[in-house]
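Architecture at a glance
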Amino acid sequence: MIMVEKMGKPGVAIVSGRFESDAVASSRAFGMPDLQWVVVPHIYRNLDPETCRTQTEDAIDDLVGSLTSSIDAREETEAVDTRRYEGEDRYDSILKMNQEFINEDLGDGLFLQPATPEAVAEMLKGTNLPPDHVVCDMPPGFGVATVEKIAINSVMAGAKPEHLPVVIAAVKALSKLGGQGGKSLLMSTSPQAPLLIVNGPATKQLGLNPGSALGPGRDNQINTLIGRAFALCFRNIGHWYLNKMDMDTIGTSRKFIQCIAENEDASPWQPFHVDQGFEAGESTVSVFVTDGELDVQDQGNHTAKGLLKNLAYGLTFGTMSLQSPRSGQERLILMPPDVARPVGTQGFSKQEAKEYIHEHARGSIGKLMQYMPLEGEARVHDHWKWLEKLTEQQLLEVTVPIMNDADDCYILVVGADRAKTAVFPSGPAPVTEGIDQYMP
Amino acid sequence: MHLLEVSNPVAVQRGVLNAISASNRPNSLNNKMVGLIWSGTHGGDIALKRAGEMLQERYDNVSVNFYTGGNYPTPPAIVKQAGEECDVVIGATAD
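This one's a predicted model, so the numbers in the text were calculated from it and none came from an experiment.

This part covers the overall build of chain A. Counting secondary structure elements, chain A contains 17 helices and 15 strands. Principal-axis analysis of the C-alpha atoms gives chain A an extent of 70 × 65 × 35 Å. Per-residue burial over chain A gives 48% buried out of 440 residues. Residue pairs in contact within chain A that sit at least 24 positions apart in sequence constitute 80% of those at least 6 positions apart.

With that out of the way, let us pick up the overall build of chain B. Each helix and strand in chain B was counted, giving 3 helices and 4 strands. Listed by position from the N terminus, the elements making up chain B come as β-α-β-α-β-α-β. Counting the 95 residues in chain B, one finds 43% classified as buried. Excluding contacts between residues fewer than 6 apart, the proportion of contacts in chain B whose partners are at least 24 apart in sequence is 74%.

A few words now on the domain arrangement of chain A. All names here are of chain A. What the domain assignment lists for chain A is domain 1 (2-68) and domain 2 (117-361 + 402-438). Computed from C-alpha atoms alone, the centre-to-centre distance between domain 1 and domain 2 is 35 Å. At the junction of the two partners, domain 1 supplies 7 residues and domain 2 supplies 8 residues. Grouping the amino acids of the side of domain 1 that touches domain 2 by side-chain chemistry returns 3 nonpolar, 2 polar and 2 charged.

Residues and elements named next belong to chain A. By size, the foremost hydrophobic cluster in this structure holds 139 residues, and its most contacted members are V167, A170, V171 and F230. For this core, the element with the highest residue contribution is helix 8 (residues 164-176), accounting for 9 residues. Summarising the domain contributions, this core has at least three residues from each of domain 1 (2-68) and domain 2 (117-361 + 402-438). The contact partners of V171, leaving out residues within four places of it in the chain, are V135, C136, M138, A145, I150, F230 and C233. One finds M320, L322, L368 and M369 within the second-largest nonpolar core, a separate group that totals 5 residues.

This part covers unusual backbone geometry. All names here are of chain A. At the junction of P139 and P140, the peptide bond is cis and its omega measures out at 0° in the coordinates. As for its position among the elements, P140 is in the loop between strand 4 (134-138) and strand 5 (143-146). Here the bond from G427 into P428 is cis, since omega is 5°, no more than 30 degrees from zero. For P428, the position within the fold is in the loop between strand 14 (420-426) and strand 15 (431-434). Located in the positive-phi region is D105, a residue other than glycine, with phi close to 65°. Mapped onto the elements, D105 comes out in the loop between helix 5 (90-103) and helix 6 (117-124). When the 14 C-beta atoms within 10 Å are taken as the criterion, D105 is described as partly exposed. Although it is not a glycine, F142 adopts a positive phi angle of roughly 55°.

Turning to the interface of chain B and chain A, a few remarks are in order. Each side of the interface is counted separately: chain B has 58 residues, and chain A has 83 residues. Elements with a contribution of two residues or more to the side of chain B that touches chain A: strand 1 (2-7), helix 1 (14-17), helix 2 (44-58), helix 3 (76-85) and strand 4 (88-93) of chain B.

Axis separation between helix 3 (residues 49-57) of chain A and helix 2 of chain B bottoms out at 8 Å; the angle between their running directions is 45°. By the angle between their directions, the pair helix 3 of chain A and helix 2 of chain B is classed as oblique. Relative to helix 2 of chain B, the crossing made by helix 3 of chain A is right-handed. On helix 2 of chain B, the residues touching P49, C52, R53, T56 and E57 of chain A of helix 3 of chain A are I46, A47, R50, A51 and M54 of chain B.

Residue and element names in this part refer to chain A. Where helix 8 contacts helix 11 (residues 221-236), the axes come no closer than 10 Å and their chain directions differ by 45°. Put simply, helix 8 runs oblique to helix 11. The hand of the helix 8/helix 11 crossing is right-handed. Residues V166, V167, A170 and V171 of helix 8 form the contact with helix 11, whose own contacting residues are I226, A229, F230 and C233. Looking at the contact of helix 8 with helix 11 residue by residue, the class counts come to 8 nonpolar, no polar and no charged.

A few words on the confidence of the model for chain B. Caution is warranted with low-pLDDT regions, since their predicted coordinates should not be read in detail. Averaged over chain B, the pLDDT score is 89; the fraction of residues at 70 or greater is 93%. At the level of individual helices and strands, chain B shows its lowest average pLDDT in strand 4 of chain B, which scores 87, and its highest in strand 1 of chain B, which scores 97.

Bringing the environment of R228 of chain A into the picture now. Residues and elements named next belong to chain A. Take R228: it is sitting in helix 11. Once the C-alpha coordinates of R228 and S283 are considered, the two residues, 55 residues apart in sequence, prove to be 20 Å apart. With residues up to four places along the chain from it excluded, the contact list for R228 reads D108 and A157.

Looking now at the environment of S327 of chain A. Residues and elements named next belong to chain A. Within the secondary structure layout, S327 lies in the loop between helix 13 (304-314) and strand 10 (330-335). For S327, a count of 21 C-beta atoms within 10 Å gives the class buried. Residues S327 and A280, spaced 47 residues apart in sequence, show a C-alpha to C-alpha distance of 32 Å.

Inspection of the secondary structure assignment puts A115 of chain A in the loop between helix 5 and helix 6. Residues A115 of chain A and I152 of chain A, 37 residues apart in the sequence, show an inter-C-alpha distance of 5.7 Å. Look past the residues within four positions of A115 of chain A in its chain and what remains in contact with it is V120, I152, V155 and M156 of chain A together with V6, S7 and P9 of chain B.

Reading the values: rules and limits
Residues numbered from 1 in each chain as written. Chains lettered and ligands numbered in written order. Predicted model: local features only at pLDDT ≥ 70, side-chain atom pairs only at ≥ 80, totals over all residues. Helix = DSSP H or I, 4+ residues; strand = E, 2+ residues; numbered from the N terminus. Buried ≥ 20, exposed ≤ 12 C-beta atoms within 10 Å, placed from the backbone. Contact = placed C-beta atoms within 7 Å. Domains from an automatic or database assignment. Nonpolar A, V, L, I, M, F, W, Y, C, P; charged D, E, K, R; others polar. Core = buried A, V, L, I, M, F, W, Y, C linked by C-beta atoms within 7 Å. Axes fitted to C-alpha atoms, helices over the stretch in contact; angles between N-to-C directions. Parallel < 35°, antiparallel > 145°, perpendicular 65-115°, else oblique. Left-handed = near helix turned anticlockwise from the far one by under 90°. pLDDT = per-residue confidence, 0-100.

Below, the structure is given as structure tokens:
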């Protein structure tokens, strides 16, 4: 609608129920705070036709008003640089700060460190960039990501100055993701969440855990702190607030974002950042957007082909959109050393392993498209129109590749000893950003 | 007593810095061309068509154009076409 308004024509969106706060946030993010909309109670997508009509009829007066009445500008709150909290002692004042921050949804629910001027100044020593340097406009809300704002959120997360270049690079990488930083995905009602993966010398210098890397505890402290710093940036700079610009239906614990390292020492192949065009001696962070997670167990295969066939079967879950000729499916594969090592030593390059997985990862299109009934659906691409002539049984019997090509899966070696692979539906394609350029 | 001062973590949004106003509204929809943009998902077409019918019942000489790009979000070319051909436009978001 903003595009229509920019053409000088009145535009109104019909917004469903809980999406009104999303409309408020989106209108600000996309530069037209007084954009007009009307609200109906329920999301149309799963309503019967009669209810679609009646809830629209109930909104018609509002719709006419939005198209024909003059518009009052929405009130804007003035941004402040600092906040003050008075308590009986320092700890009490920090508690008060935490309470207000959580009331305003500026935190992740866990205890926040106070970003005092002294702590922020110390954090800023972690980079060569000046505080007012603009790294990017961070999606999905396109907040202006200055180095200072990134530092403030990093302090709140409990991160250290040496972590700051990783956080800056990750923020930059997110803004480079396809589709304006994966904007539509990040705002989706599905639980997409970023995962950060570091390569190069920084992994050991910082103490990132490349083993049993996803989870809480001592071994993953650095993974957690850097991931949390990025997550708070995402929230307060990217304005990725739940029910505003993050419209998850159920949500996911993956939004407690983790930053892990590739287990380069245990890999038979070159590191992922070299695949992405960087030198092995450079340090990088890659941002993947994941949409689910599956543990693919292997209970006895020891041949490369056996391990890869089992893994390929593990990739065949999920759904497939018919909106384009391409399946649109990507998979991030965190392959433990007990799978990668035999595959590599039995002669498979990483590319050959990806091609073998792609060849064997096929699923029933009848199952993959079950989530999107063809009837009443305008988004089926001409490429798939022939499916409309098949019976349900025939659809179940047609198999298609889960991914369009081998390069739609990404293999990184991560993990401790045991042949259990983590597979994530992912996409858009990951972005890798150098870290060294942001170091002091 | 202790006074704690902390920095604000919230970044101003580029869209707020560069905000523009919505366009002027007509007094009436009489003799107007109404564009209905459907993102292609279930139910949104029914809602938009019903809205178009009701506007035609309320106002004189209202024409309705229905647009769909068969995709989500609606392709910019379709939105641009609607903006060029119509006097007002209605869309359904999160439909």
